[in-house]
Amino acid sequence: MAAVRSHAPSLSRRFFIVLLAVSTAAVIVAFIASAILFQASGEADVRAALNRECDLIASALDISDGDDNVAIVRNLDLGGMRATLIDANGNVLMDSEGDASDMESHANRPEVQEALAHGEGSSERLSRTLDIVSFYHAKRLASGGVIRVAQDSRTAFSIITGDLSALALVAIIVIALSWLVARIISRVLVAPILAIDIHSGHREGDSEQDDANTTSPYHELEPLVERLHRQQSQLVEQMDQLRDAEVMRQEFTANITHELKTPLAVISGAAELVRDGIARPEDVANFAGRIYDESQRLTSLVNDILILSRLDESERAGMPDLVGSLEPCDLHSIAQDVCSRLAPMAKRANVTLGCVGMTAPVMGNARLLDELIYNLCSNAIRYNRENGSVVVTCGVGDPDTFEVGNGITSGTMSSANAASAVNAAKPLEDMSANASLGPFVRVADTGIGIDRSEQAKVFERFYRVDTSRSRNGGGTGLGLAIVKHSAAFHHAEIDLDSTPGEGTTITVTFPPASDYPDAGPETTSTEN
């Protein structure tokens, strides 16, 4: 596959263009300024020379008393100047560079008029080609006539246009130097930028790393380098998350496959025995029951997988609406309904199941809240002991100081007093009026408990503290995983407190619900 060429502009090219433009502008300005200064200086020198020369000639002519002034002027060495002798009427008597008889009257010339009027006058006239300026200085003689001296000088325009070859040579030199300097500067400036190592957080060659600002070779680049570091960190984090997600996906797939094989094998084996007539007629009902139980287990497993999939997708996309809409819910009402549905299961396990507390309003998804409480309660029953108890407490405030009845607080619930608390619950002070307190639901059991080393794992998918109890009780291994994701969906916190051999207490505390109706009086529901 051919490499894609970058269309980004070259830094060297930009430096070259900038330097060339600046250098060219500087040369042109300097050349024009020099020409103007040279012209001004030359004009001053010409004026001074004309003034001196005119004074000398006038003095010589005045000494001669007008005798043969034409001959005197004609014989003078004027050094490139032009001398014109004019009578009082403006007629040209002699001109050092032309035939006086062919010249018109100079009476209207400014310098002649000024000299006749004031004794001395000066003027300058630009040629039609703009390349020559003529300077004139005239002085009145004692005889009444006028001696005028003139000299030509180059204009600034003439100086500039006359030295185009030199200007072109300078331009070539400037272009070459600009290209060379641009290459050098770009390499010097770019080298530290190329040395930035966004992977390690510092530049190559640095012996130590101080902070994010020291990683930038230039102060102006600090925001860019910091942004690159943040993006690199985010990219690494995302890659780690993708790898973790891939590992979880593989483990999840393997676990699902394993979980599906067992009930499918039981269903297939029992159905095959019945189909082939191997099962005795009196055992057919038993095999049918096993098929029914395993199919129910499969249904529960599929339902749990679908719930987790929706929760995962909602978390990944950051779109809670994928799971369902939010609405005002009462944890206590949901808990009572769950206890009613789980009463037969508790009765079969010989476990006392009770729900105490008061109205605990939350804004949430009713189905997820039901799944959360249902899974907590079913686990508490499944991993309990005979004649044990499960107490579901709902309220608003601190769960550890919430009195459930008979002087017993939710935080001091034990196997010895759990049933007593359920049976002796009393009306409590309304705590939900305090909007700063969050609603909670707590499920406390007197079961086998969870070892400290396993407490961090129980919310993982398909993790079971006691595999035999879970399978025999119809558990899918996904219940507490659903609890964790449902709590995260509602921005709730989970607290687990368990002692092996004594029981487990799991508390889910929700954010304060200041906008919801006040809690009502305590109610009690007990199922055996």
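One can find the structure itself at the top, above this paragraph.
Basis of the calculations
Residues numbered from 1 in each chain as written. Predicted model: local features only at pLDDT ≥ 70, side-chain atom pairs only at ≥ 80, totals over all residues. Heavy atoms only, no water. Salt bridge = Lys/Arg side-chain N within 4 Å of Asp/Glu carboxyl O. Helix = DSSP H or I, 4+ residues; strand = E, 2+ residues; numbered from the N terminus. Buried < 20%, exposed > 50% of the residue type's maximum accessible area, 1.4 Å probe, protein only. Axes fitted to C-alpha atoms, helices over the stretch in contact; angles between N-to-C directions. Parallel < 35°, antiparallel > 145°, perpendicular 65-115°, else oblique. Left-handed = near helix turned anticlockwise from the far one by under 90°. Contact = heavy atoms within 4.5 Å. Nonpolar A, V, L, I, M, F, W, Y, C, P; charged D, E, K, R; others polar. Pairing = 2+ DSSP bridges. Expected span 1.5 Å × (residues − 1). Polar contact = N/O pair within 3.5 Å; in protein donor to acceptor, adjacent residues only side chain to side chain.

Caption draft 1: View of the pattern of salt bridges. If you walk through the whole model with that rule in mind, you get nine salt bridges. Two residues, R109 and E104, come together in a salt bridge whose shortest N-O distance is 3.2 Å. A salt bridge links E111 to R125; the nearest nitrogen and oxygen atoms lie 3.2 Å apart. Residue E111 is found in helix 3 (residues 110–118), and its partner R125 is found in strand 3 (residues 120–126); the two are separated by 14 residues along the sequence. For R125, a relative accessible area of 28% corresponds to the partly exposed category.

Caption draft 2: A look at the packing of helix 8 (residues 331–348) against helix 9 (residues 366–382). The contact between helix 8 and helix 9 brings their axes to 9 Å, and the two run at 40°. Between helix 8 and helix 9, the angle is such that the two are oblique. As for how helix 8 packs across helix 9, the hand of that crossing is right-handed. Counted together, L331, I334, A335, D337, V338, R341, L342, M345 and A346 of helix 8 and A366, L369, D370, I373, Y374, C377, S378, I381 and R382 of helix 9 form the full contact between these two elements. When its residues are assigned to classes, the contact of helix 8 with helix 9 shows 13 nonpolar, one polar and four charged.

Caption draft 3: Structural context of the sheet that holds strand 3. As summarised here, the arrangement of the five strands in space is 2-1-5-4-3, forming an open sheet in which the pairing is antiparallel. The open sheet has two free edges, formed respectively by strand 2 (92–95) and strand 3, since each of these has just one partner strand. In this sheet, adjacent strand axes meet at a mean angle of 20° when their direction is disregarded. Most of the contacts of helix 3 go to strand 3, to which it runs at about 170°, and overall it touches strand 1 (82–86), strand 3, strand 4 (132–140) and strand 5 (146–154).

Caption draft 4: Layout of helix 9. For helix 9, with 17 residues, the first-to-last C-alpha span of 24 Å sits near the 24 Å given by 1.5 Å per residue. Of all the 17 residues making up helix 9, 14 are buried; the element is thus mostly covered by neighbouring parts of the structure. Between the side-chain oxygen at the start of helix 9 and the backbone nitrogen of R367 there is a gap of 3.1 Å, and the oxygen is on N365.

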